[in-house]
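# Summary of the model geometry
Below are the chains, spelled out letter by letter.
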Amino acid sequence: AGIGFFYAVALVPPLGWLRNTTIIIMVAYTMRYIPTAFGALAPSLMQIAPDLNSSARVMGADWWRATRAVTLPLLKPAMVSCFALLFIQFLKEYSTAIFLFAPGSEVIGPTLLQYWENGESGALAALAVIQVAITIIFIVALRRILKVRIYD
């Protein structure tokens, strides 16, 4: 994905303004992990019967109202878990961004790799601890917001 976006930005002149920006990294991450997100959401989507949407439409709701009132509330837990999964994937990803980052648009994955290549083990360890801390804080906050308990 990273090489594909690199060549697209380098060879297609209208996309040249995206070169060396964080926007291209965000777009590349999003495109790279769409299959993962769909895989997390597909089982929940398949469990929602089409009759629920049809019944809302029979009652006079248009497509947007039926989706907003019926489908989205049922998908909310799956969407939150999908967001959590993608957040953790994005935080640890380096292979896509390694071809796209430039000074001023670094993300944590390639920075960790640079520290490792340069032999800066102290900075590498500190940044890895920060990465783990961000992940733990995110998961704990998400569990508290959603009131998810691991043990009864």
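So, about the side chain of E93. Relative to the elements of secondary structure, E93 occurs in the loop between α5 (63–92) and α6 (108–118). It turns out E93 is buried and unbridged, and the closest side chain with the opposite charge, R32, is 4.3 Å from it. Those residues in contact with E93 that sit more than four places away from it in its chain are Y29, R32, Y33, G109 and P110.

Moving on, we come to the nonpolar core. Judged by nonpolar contacts, V9, L18, I24, I25, A28, Y29, A97, L100, F101 and V107 together constitute the single largest core of ten residues. Discounting residues that sit within four places of it in the chain, I24 has contacts with F5, V9, L18 and L100.

Turning our eyes to something else, we now look at the confidence of the model for the chain. Looking at the chain, the pLDDT average stands at 84 and 97% of residues meet or exceed 70. Within the chain, the lowest mean pLDDT, 79, falls on helix α1 (residues 2–11), and the highest, 90, falls on helix α7 (residues 121–146).

Contact geometry of α6 with α7 gives a least axis separation of 9 Å together with a crossing angle of 155 degrees. By the criterion of interaxial angle, the relationship of α6 to α7 is roughly antiparallel. Crossing of α6 against α7: the hand is left-handed. Between α6, through I108, T111, L112, Y115 and W116, and α7, the contact on the second element is made entirely by A123, L124, L127, A128 and Q131. Broken down by class, the residue content of the contact of α6 with α7 amounts to eight nonpolar, two polar and no charged.

Here we take up the environment of T22. With respect to the helices, strands and loops of the structure, T22 is situated in helix α2 (residues 22–32). T22 sits in the partly exposed class, given a relative accessible area of 36%. Note: C-alpha distance between T22 and P35 (13 residues apart in sequence) is 22 Å.

Next up on the list: the side chain of T96. With respect to the helices and strands, T96 occurs in the loop between α5 and α6. Given a relative accessible area of 2%, T96 falls into the buried group. Discounting residues that sit within four places of it in the chain, T96 has contacts with A1, G2, A28, Y29 and R32.

Right, let's talk about a nonpolar patch on the surface for a bit. The grouping of I3, F6, Y7, L11, V12, L15 and F99 at the surface amounts to a nonpolar patch, some 660 Å² of accessible area in total. With respect to the helices and strands, L15 occurs in the loop between α1 and α2. Given the relative accessible area of 33%, L15 is considered partly exposed.

About the cut-offs
- Residues numbered from 1 in each chain as written.
- Predicted model: local features only at pLDDT ≥ 70, side-chain atom pairs only at ≥ 80, totals over all residues.
- Heavy atoms only, no water.
- Helix = DSSP H or I, 4+ residues; strand = E, 2+ residues; numbered from the N terminus.
- Buried < 20%, exposed > 50% of the residue type's maximum accessible area, 1.4 Å probe, protein only.
- Lys, Arg positive; Asp, Glu negative; His and termini not counted.
- Salt bridge = Lys/Arg side-chain N within 4 Å of Asp/Glu carboxyl O.
- Contact = heavy atoms within 4.5 Å.
- Core = buried A, V, L, I, M, F, W, Y, C linked by side-chain atoms within 4.5 Å.
- pLDDT = per-residue confidence, 0-100.
- Axes fitted to C-alpha atoms, helices over the stretch in contact; angles between N-to-C directions.
- Parallel < 35°, antiparallel > 145°, perpendicular 65-115°, else oblique.
- Left-handed = near helix turned anticlockwise from the far one by under 90°.
- Nonpolar A, V, L, I, M, F, W, Y, C, P; charged D, E, K, R; others polar.
- Patch = residues over 30% accessible without salt bridge, like charges linked within 9 Å, V, L, I, M, F, W, Y side chains within 5 Å.
- Areas by Shrake-Rupley, 256 points an atom, 1.4 Å probe, with all protein chains shown as cover.

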